[in-house]
Amino acid sequence: MIETALQTYFPQLAIMPELKKEIANISSIVHLEKGTVFLKEGSYVKVIPLLIQGLAKVYKEDENGHEVLLYYIKPGESCITSVTLMNRNEASNVKAIIEEDAEVVVIPTDKALKIAQKYPKWNEFIYELFSHKFLELINVIKVLTFSNKDTRLLEYLKKAVAIKGSNSVQATHQQIADDLGSSREVISRLLKKLEHQGLVRLQQGSIELL
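Residues numbered from 1 in each chain as written. Predicted model: local features only at pLDDT ≥ 70, side-chain atom pairs only at ≥ 80, totals over all residues. Heavy atoms only, no water.

Describe in detail helix α5 (residues 109–118), supporting the description with residues and values.
When we look at burial in α5, the residues that qualify are Thr-109, Ala-112, Ile-115 and Ala-116. Axial view of α5: buried residues confined to an arc of 110°, hence all on one face. Exposed positions of α5 whose direction lies more than 90 degrees from the buried face are Lys-114, Gln-117 and Lys-118. (Buried < 20%, exposed > 50% of the residue type's maximum accessible area, 1.4 Å probe, protein only. Helix = DSSP H or I, 4+ residues; strand = E, 2+ residues; numbered from the N terminus. Arc of directions from axis to C-beta.)

So what's going on with the pairing of strand β5 (residues 95–108)? Residues and values would help.
In the sheet, strand β1 (residues 28–32) pairs with β5 via five bridges, with the strands oriented antiparallel. Pairing of Ser-28 across the sheet is with Val-106, part of β5. The pairing of strand β2 (residues 37–39) with β5 spans two bridges and is classified as antiparallel. Looking at β5, one finds that Leu-39 is bridged to Ala-96. When strand β3 (residues 47–61) meets β5, the two strands line up antiparallel, connected through eleven bridges. Opposite Leu-51, over in β5, you have Val-104 as the bridge partner. (Pairing = 2+ DSSP bridges.)

Describe the sheet that holds strand β7 (residues 200–203), listing the residues and the values that go with them.
Spatially, the three strands line up as an open sheet ordered β6-β8-β7, and their pairing is antiparallel. The open sheet is flanked by β6 (168–169) and β7, the only strands paired with a single partner. Bridge analysis of β7 against strand β8 (residues 206–209) gives four bridges, and the strand direction is antiparallel. Following the sheet pairing, Arg-201 is matched in β8 by Glu-208. Lying over the sheet, helix α9 (residues 184–196) contacts β7 and β8, oriented at roughly 125° with respect to β7. (Contact = heavy atoms within 4.5 Å. Axes fitted to C-alpha atoms, helices over the stretch in contact; angles between N-to-C directions.)

Describe the side chain of Ser-168, listing the residues and the values that go with them.
Turning to its location among the elements, Ser-168 is positioned in strand β6. Apart from the residues lying within four places of it in its own chain, the contact partners of Ser-168 are Val-161, Ile-207 and Glu-208.

Okay, structure coming up:
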């Protein structure tokens, strides 16, 4: 089961039979429901997740309790923050939560460290993932720093529909506000503005990007 999942979603790891077999032997598959927090601020990493189904997202919270979405974790990806914290043996300063019901291959951190020492292919996978997520973070910083709130919201919606493969975002105004570190009132006002501009269509519990 795990070897099949690796073959399908992590071909760059499965290409080496010995590595694929070892990951299968030391890991397990767990089901995580929407809303599950699998990495808390202040906690230490115990497992490295390989997402094979569903969607997760990683947040940063400021001192006032406002949250900002940093990046999504899609099938075929891992949490690069978890890997970094594992290597440095540091507590997390971000939070990761399941956005859609997920199936995850989990590797205990002590086993993952040994794999990293034994298989260069694992490190290649991590470096590629790190590079990809770094570019996502740069884009987040650019949008947050140089864009107005209208642009931030529109970019958020575009990213959400691209990742979820649908032209509709199933989320409340409060959930979007939490992702963008804003208030529900501000998001509702901006969504109305975008609707008047013909860019979105507001429906009960969802926003359609036109």
